[in-house]
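Observations on the three-dimensional arrangement
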Protein chains: 2
Amino acid sequence: MPISPGFFAGRDLTGLARDLRDGRVTATALTERALAAAEALGPELNAFVTVDAAGALKAARQADEELAAGTDRGPLHGLPVAVKDLIMVAGLPATMGSRHFARYVPDTDAACVTRLRAAGAVIVGKTTTHEFAYGPTGDRSANGPSRNPVDPARMSGGSSGGSAAAVAAGIVPLAIGTDTGGSVRIPAALCGIAGFKPAYGAIPADGVFPLSASYDHVGVLAGGAEDCLIAYRCLGGEVSGDGSPAVGWVDPAGLFDGDARVTAAVRALLGDAAEVRLPEGFAGEVWETYTVVQSCETAAVHAGRLERAPELFDAEVLERLRAASEVPGWRYVRALESRRRLAGMVETLFGRHDVLAMPTVPITAPLIDQREVELDGRSVAVRPALLALTSPWNVLGLPALTVPAGTVAGLPVGLQLVCRPGDEARLFTAAARLAPAALG
Amino acid sequence: MPISPGFFAGRDLTGLARDLRDGRVTATALTERALAAAEALGPELNAFVTVDAAGALKAARQADEELAAGTDRGPLHGLPVAVKDLIMVAGLPATMGSRHFARYVPDTDAACVTRLRAAGAVIVGKTTTHEFAYGPTGDRSANGPSRNPVDPARMSGGSSGGSAAAVAAGIVPLAIGTDTGGSVRIPAALCGIAGFKPAYGAIPADGVFPLSASYDHVGVLAGGAEDCLIAYRCLGGEVSGDGSPAVGWVDPAGLFDGDARVTAAVRALLGDAAEVRLPEGFAGEVWETYTVVQSCETAAVHAGRLERAPELFDAEVLERLRAASEVPGWRYVRALESRRRLAGMVETLFGRHDVLAMPTVPITAPLIDQREVELDGRSVAVRPALLALTSPWNVLGLPALTVPAGTVAGLPVGLQLVCRPGDEARLFTAAARLAPAALG
C-alpha cells in the first residue's frame, strides 16, 4: 500500500524556485516541509540515516537572507536536497551503510557537496545506501533496508535506495547518489522517478567513498528529467547544443531476458523508432568486463576490513566480497583490455542514432530480500536482472538517464536513454518528447 | 673456461663504421665474420635460434652497394646485428623460446626491426630467449639454455641471454633485446658487456611478443655504453643536452642483501659520490608492485595456452605461470595504485642527483639451472637476486644502463646507472666518466 506523499511530490524545481522568488514561500518553510516529511515517513521508508534539522534550517535562513539581499545563487538556491550516505558532508556522520563506519564523521565536504552548497542548496540529511554501495537491491545496510514508497514491502532498489525513496515520497525535490552499475538509475526506475548518471568523470568523485573507481559516477535523482538537467548543470555539468535527436530502440532481450510486460510498456513509448542491433558478442563481453573489474576493485577497497573485521559486514555483502577477492588478476587484465575494445565499439553501437532507448530495469521492484523472481514460469536471479541494462553504460562511461515510463501491475517502470558524451542536450530533448506520454 | 671470442670482440661501432667508409672492410666481409663466429661458437653458447646467412649476406651486399653509390644510412649501416627471438623479423621463425611457437613465422617486422633496417643494419639472426622471456636466468628455452661466454658452465642471465652471449662472444657488435624486469641489463652484466633499457615507451614495442605490457621495454646490448647510445639513437631515441652529471650512490643492501664483493667492486668506481637514501618503504612496495603486475599480466597473455596445452611449456615456466594465474585481482588493483604512488616518488628519489649508481645484479653468474647460491653461509634464491636491482626501474619506467665494472673471482660485474626520462645525455656522460676505470 503506497505511503501518503510529502510536500514535494509532483512539484518541480522550476516551480519551487519561482515560488521562492515570488515570495509565496521561503527556503525556511520549504526546509521545514522536508524535515516534517522526513520525520513522518522515516519509520515507513527508512530513507534517511541522518536528518540534520539544525544545519538545514541554518542554511535555509541564510538562503532566505541572501535572496532578500539580492544574492541569487541560481535554480537550487534555498531548495532542500538529500545526499547519499556514501558522499561526505562535513560534520555529518557518513556510515556508508556499514557498521565499519558506525562512528565516522568526515570533516570536509565531497566536491559535489561543495558545488551544491555554492549553488545555495539546503542539505537536509544523508540517505540510506546499500552497504558500501555494493548491491543493486538497497536492502542490505547497517541501518536497515530502504523501502519503495509505491509499496513499502518492496525494495527501493539500490544502492542509492534512500535517495530514490526520499524523492519518490516527496520528502525532497532532489537527491544526490552514486552510480557504479546502475545505483542511481535502478532505484529511480523502481520507485518511479527520474535519475541521471552523467558521462564518466563529468562530476568529480572526490570525497565519495569508492566502490569501483573505474565505474563510479556521481548522479542526481529528481521527479523528472528537466530537474535532473537543472541539478546536473548546478553540479558543473556542461550541456550545450540542441537539434532533433534520432532515437533508436534497443531490444533488452539482447542483454537480458526479463519481464515481457516491462519491455512492451517501454517499447510503446518509442513509436516507430528503428531497432538498434547490439554488436556481436557485446552483451557477454560487457557483462564479464563489468563484473570482473568491479569485483577486483571493490575487493581492493575492502581487503583490509575483510582481514581485520569481516564480522562487521552484512552476511550477504561479506559473502560477495569474499567471492570478489578470489577473482584472479589475469581476468582483470583481460577485462581492462575488453573495456578498451568496447569503448571502440561506441560509434558502431550508435550508428546513425543519437540516443539509444530501452527499459532501465527489465523487471519491476521485487520484495525486500527477494533474490529470485518468477517470470513466465522461469526463475530469474534478481541482482543480475537489476544490473543488466544499466551496467553496460558504466563500462562505456556514457551518459544515461531514466525517466518514469508508466507502470506494470501497479509498479513503476523506467525508460532509459543513453547518449555519447557531449550529446546530453539531445538526450534531455529526447526525454522531454518521450516521457510526458508515459506520465500522462 | 672462456671461449675464443669472435671478430667483433673489442671492436666498437664507431671504429667499424670508419673502417667501412675508409674501404678497409666491406659489409659483406663483416657479415661473413659474424656468420663464421655464429657457426663456430654455436654449439658452445647456444646464442642463436636461427642464423639467416642468406638474408644477411643479401642485406650486406645491398649495404655495400648503397655506400658505393653514396647512400649512407648512418652509424649502423652495413653492421651485423642480432635480434632476440621474441621480436618479429618478417620471414624468420620467432619461437619465443617456446614449443608453443615451434613453427611460427611472422610476415611483418617489429617496429624496432623496421628502424634497424632503415638504419642499414644487417640482421644476422634470432637469439635465444628464456621461454616467453619469463625468467631472468636464460636457461629455460625450447632450444636450450644460452651460455655465458666467460664460462659456458654458467648462465648467461636472461631473458635476452642469447643477445648478451652473442655480443660478449664477439659474434656481433650489437644486439636487440627486451627488458621487463632487467632482461637486457641482467645478461649484459653477467656476461660483461653494456646494455641499455630506455624510458618506458621510448622505443615502440609493436611486434614484440608481450611479457607484461606495463613494464615491457625494447633495449640494446653492445660492448660499451657509447655503442648503446649510437644504437638507441638509430632506433629513434632522442638524446640531447649535456652538463656535468651529479651521481649518487644507492647502497644495494636497501633493495637486496647480495654479494658484498660485488657491492665493493662497483662502489670503488664511484669515488666520493654521496649516498642516496631510498624513500621509506620503497624496496618492499616496488617489489610487490613489480611481481604482482607482472604475474597478472603474464598470466593474462598465456591463459589460453595454459588451458589448452600446458604440457608444451617448460616445467619451471609452467609452474611459475600457474602460480601467477592465482594472484588475485584485488592485489593487481592495489599494485597499480602503488605504481602511481611510486612514480610520484621519483623527484624525492633523485633529490639533487641526476644519476643514481648501484650494481646491476647483486651476484655474479650462477651455474646453468642453479636456483640457490651461497653467500657468506646464507642461501640466496637466484631469481629474486637477479631481478632485485633492475626491476624497480621498470616499475618506474626510468632509463637504466649497465656498463662493465670489472670482475669478482673472474666473473663480470655491472655498474647500473639510472636517470629520469629526458636526462639520457647525462646518463651516458656519467657512464663515459666512470666506466673506463672499470675496464682498465
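Residues numbered from 1 in each chain as written. Chains lettered and ligands numbered in written order. Predicted model: local features only at pLDDT ≥ 70, side-chain atom pairs only at ≥ 80, totals over all residues. Heavy atoms only, no water.

1. Describing helix H11 (residues 329-343) of chain B
The end-to-end C-alpha separation of H11(B) is 21 Å, in line with the 21 Å expected for 15 residues at 1.5 Å each. All buried positions along H11(B) are accounted for by B:Gly329, B:Tyr332, B:Val333, B:Ala335, B:Leu336, B:Ser338, B:Arg339 and B:Leu342. Buried residues belonging to H11(B) abut helix H9 (282-308) and helix H11 (329-343) of chain A together with helix H9 (282-308), helix H12 (346-350) and helix H14 (391-395) of chain B. (Helix = DSSP H or I, 4+ residues; strand = E, 2+ residues; numbered from the N terminus. Expected span 1.5 Å × (residues − 1). Buried < 20%, exposed > 50% of the residue type's maximum accessible area, 1.4 Å probe, protein only. Contact = heavy atoms within 4.5 Å.)

2. Here's the deal with the packing of aromatic side chains
According to the stated counting rule, one finds 23 aromatic pairs over all chains in the structure shown. Look at A:Phe101 and A:Tyr104: their rings are 5.4 Å apart centre to centre, the planes differ by 80°, and that puts the pair in the edge-to-face class. Relative accessible area serves as the criterion here: at 14%, A:Phe101 is assigned to the buried category. Residue classification places A:Tyr104 among the partly exposed residues on the basis of a relative accessible area of 34%. Aromatic side chains B:Phe7 and B:Phe8 sit 5.0 Å apart centroid to centroid with 90° between the ring planes, which places their arrangement in the edge-to-face category. Ring-pair connections join several aromatic residues into one group, and the members of that group are A:Phe101, A:Tyr104, A:Phe132, A:Phe209 and A:Phe313. Sitting above the plane of the B:Tyr200 ring, B:Arg339 keeps its charged end 5.8 Å from the centroid. (Phe/Tyr/Trp six-rings, centres within 6.5 Å; stacked < 30°, edge-to-face > 60°. Lys NZ or Arg CZ within 6 Å of the ring centre and 35° of its normal.)

3. Brief notes about the pattern of salt bridges
Within this structure, the stated rule accounts for 42 salt bridges over all chains. In this structure, the salt-bridge partner of B:Asp19 is B:Arg24, at a minimum N-O distance of 2.9 Å. With relative accessibility at 23%, the residue B:Asp19 sits in the partly exposed group. Ionic pairing is found between B:Arg420 and B:Glu347, a salt bridge with its closest N-O pair at 2.9 Å. One end of the pair, B:Arg420, is in the loop between strand S14 (411-419) and helix H15 (424-439); the other, B:Glu347, is in helix H12, with 73 residues separating them in the sequence. Accessibility expressed as a relative area gives 15% for B:Arg420, which makes it buried. Each member of the salt-bridge network shares a partner with another, and the members are A:Asp139, A:Arg140, A:Asp314, A:Glu316, A:Asp369, A:Arg371 and A:Arg383. (Salt bridge = Lys/Arg side-chain N within 4 Å of Asp/Glu carboxyl O.)

4. A look at the UniProt feature "domain: Amidase" (unreviewed entry) in chain A
As annotated by UniProt and renumbered to match this structure, "domain: Amidase" (unreviewed entry) occupies residues 30-244 and 332-427 of chain A. Each end of residues 30-244 of chain A is marked by a C-alpha atom, and these two atoms are 37 Å apart; helix forms 30% of the span and strand 18%. (UniProt positions renumbered as here; feature names shortened; annotations may be inferred.)

5. Re the state of the cysteines
Across all of its chains, the model carries 0 disulfides over all chains by this definition. Not part of a disulfide, A:Cys228 finds its nearest cysteine sulfur in A:Cys234, a span of 12 Å. Free cysteine: B:Cys419, not disulfide-bonded; nearest cysteine sulfur from B:Cys228 at 13 Å. (Disulfide = S-S within 2.5 Å.)

6. Considerations on the relation of the copies chain B and chain A
Overlaying chain B with chain A gives an RMSD of 0.0 Å, the required rotation being 180° about an axis along which the chain moves by 0.0 Å. These values place the two chain copies in the arrangement generated by a two-fold rotation axis. Among all residues of chain B, the one whose C-alpha sits closest to the rotation axis is B:Gly329, at a distance of 1.7 Å. Looking at chain B, 100% of its interface residues are interface residues in chain A too, so the copies touch through the same face. (Least-squares fit on C-alpha atoms with pLDDT ≥ 70 in both.)

7. What about the interface of chain B and chain A?
Contact with chain B, which involves 16 residues of that partner, is made by 16 residues of chain A. For the chain B and chain A pair, buried surface summed over both sides reaches about 1,200 Å², with 68% attributable to carbon and sulfur atoms. For chain B, the biggest contributors to the area lost against chain A are B:Ala300, B:Trp330 and B:Val333; these three give 40% of the whole. On the surface where chain B and chain A come into contact, there are 0 salt bridges. (Buried area = accessible area lost by both parts, 1.4 Å probe.)

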